[in-house]
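Secondary and tertiary structure notes
Residues per chain, in single letters:
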Amino acid sequence: MATDTTHTYPERRFPLFGLPRLVPGLALTGALTALAVWAGDIPWVAELGLGALTLAILFGILVGNTLYPRWQTVCHGGVQLAKQRLLRLGIILYGFRLTFQQIADVGASGIIIDALTLTTTFLLACWLGKKVFGIDSQTAMLIGAGSSICGAAAVMATEPCSGEMRRYMEEHQWRRRL
């Protein structure tokens with residue numbers, strides 16, 4: 001009795017983890033980043049006090065409210081990856097640049113001033129959010145924490161961790177942009 005010794009193996013593919021669908025959004029965010037860094041190095045722009053982060057936010061607002069709605073179906077995956085995971089990674093890597101020696105060089109008075117500034121900004125944002133703008137406590141605390149720590153980047157990085165902002169925006173039918 002002859003046995004069949006040939007085996008058929010399933011075709012092996014090495015998936016790129018969805019990379020092709022991420023490329024357009026990553027290219028868009030990369031282009032906006034490169035534009036912001038380039039524009040931030042222009043002397044007269046730098047004299048206005050506009051750095052790369054501020055320019056990137058402004059360019060993101062501009063593109064998010066004009067071109068992105070038309071490109072969203074193509075760019076969404078890559079933009080989400082950049083907005084959530086890559087932004088968090090950037091904040092972590094930026095934090096590694098700070099050494100304990102640099103903290104010691106600031107001294108006790110600098111640390112106390114920083115602590116007071118963070119606390120005051122956080123409490124003011126919470127108070128304004130609840131009393132003036134009528135925002136619920138958890139959303140006001142999210143905004144206060146992000147604003148007191150490092151601004152828009154912190155809010156964007158921590159927002160996906162807390163569903164509060166998303167639920168609040170959906171409840172009030174706000175449209176989220178880039």
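1. Overview of the overall build of the chain
Helix and strand counts for the chain come out as eight helices and zero strands. For the chain, the succession of helices and strands along the chain, N to C, is α-α-α-α-α-α-α-α. For the chain, the residues scored as buried account for 24% of the 178 residues in total. Taking as baseline every contact in the chain between residues at least 6 positions apart, the subset at least 24 positions apart corresponds to 57%. Total accessible area on the chain stands at roughly 13100 Å², and carbon and sulfur atoms take up 67% of it.

2. Here's the deal with the packing of helix H3 (residues 52-66) against helix H4 (residues 68-95)
Interaxial distance between H3 and H4 falls to 6 Å at its minimum, and their mutual angle equals 90°. One finds that H3 runs roughly perpendicular with respect to H4. Contacts between H3 and H4 involve Val63, Gly64, Asn65 and Thr66 from the former and Tyr68, Pro69 and Arg70 from the latter. Its residues assigned to classes, the contact of H3 with H4 comprises three nonpolar, three polar and one charged.

3. Things to note about the packing of helix H5 (residues 100-132) against helix H6 (residues 137-149)
H6 packs onto H5 with a crossing angle of 145° between their chain directions and a minimal axis gap of 8 Å. Like other packed secondary-structure pairs, H5 and H6 cross with a definite hand, here right-handed. Across the interface between the two elements, Leu118, Thr121, Phe122, Ala125, Cys126, Gly129 and Lys130 from H5 touch Ser137, Ala140, Met141, Gly144, Ala145, Ser147, Ser148 and Ile149 from H6. Among the residues making up the contact of H5 with H6, the classes are represented as eight nonpolar, six polar and one charged.

4. Here's the deal with the nonpolar core
A general feature of soluble globular proteins is that nonpolar side chains tend to end up buried together. With twelve residues, the main nonpolar core is built from Leu28, Leu32, Ala36, Ala39, Ile42, Val45, Leu55, Phe59, Val63, Tyr68, Cys75 and Val79. Put simply, the parts of the chain that give this core at least two residues each are helix H1 (19-40), H3 and H4. Sort the elements by how many residues they give to this core and H1 lands first, with four residues. Excluding residues that lie within four positions of it along the chain, leucine 28 makes contacts with Val63, Tyr68, Trp71, Cys75 and Val79.

5. Some details on the environment of histidine 76
Counting through the fold element by element, histidine 76 comes out in helix H4. For the pair histidine 76 and proline 24, spaced 52 residues apart in sequence, the C-alpha separation works out to 8.4 Å.

About the cut-offs
Residues numbered from 1 in each chain as written. Predicted model: local features only at pLDDT ≥ 70, side-chain atom pairs only at ≥ 80, totals over all residues. Heavy atoms only, no water. Helix = DSSP H or I, 4+ residues; strand = E, 2+ residues; numbered from the N terminus. Buried < 20%, exposed > 50% of the residue type's maximum accessible area, 1.4 Å probe, protein only. Contact = heavy atoms within 4.5 Å. Areas by Shrake-Rupley, 256 points an atom, 1.4 Å probe, with all protein chains shown as cover. Axes fitted to C-alpha atoms, helices over the stretch in contact; angles between N-to-C directions. Parallel < 35°, antiparallel > 145°, perpendicular 65-115°, else oblique. Nonpolar A, V, L, I, M, F, W, Y, C, P; charged D, E, K, R; others polar. Left-handed = near helix turned anticlockwise from the far one by under 90°. Core = buried A, V, L, I, M, F, W, Y, C linked by side-chain atoms within 4.5 Å.

These figures capture arrangement, not role.
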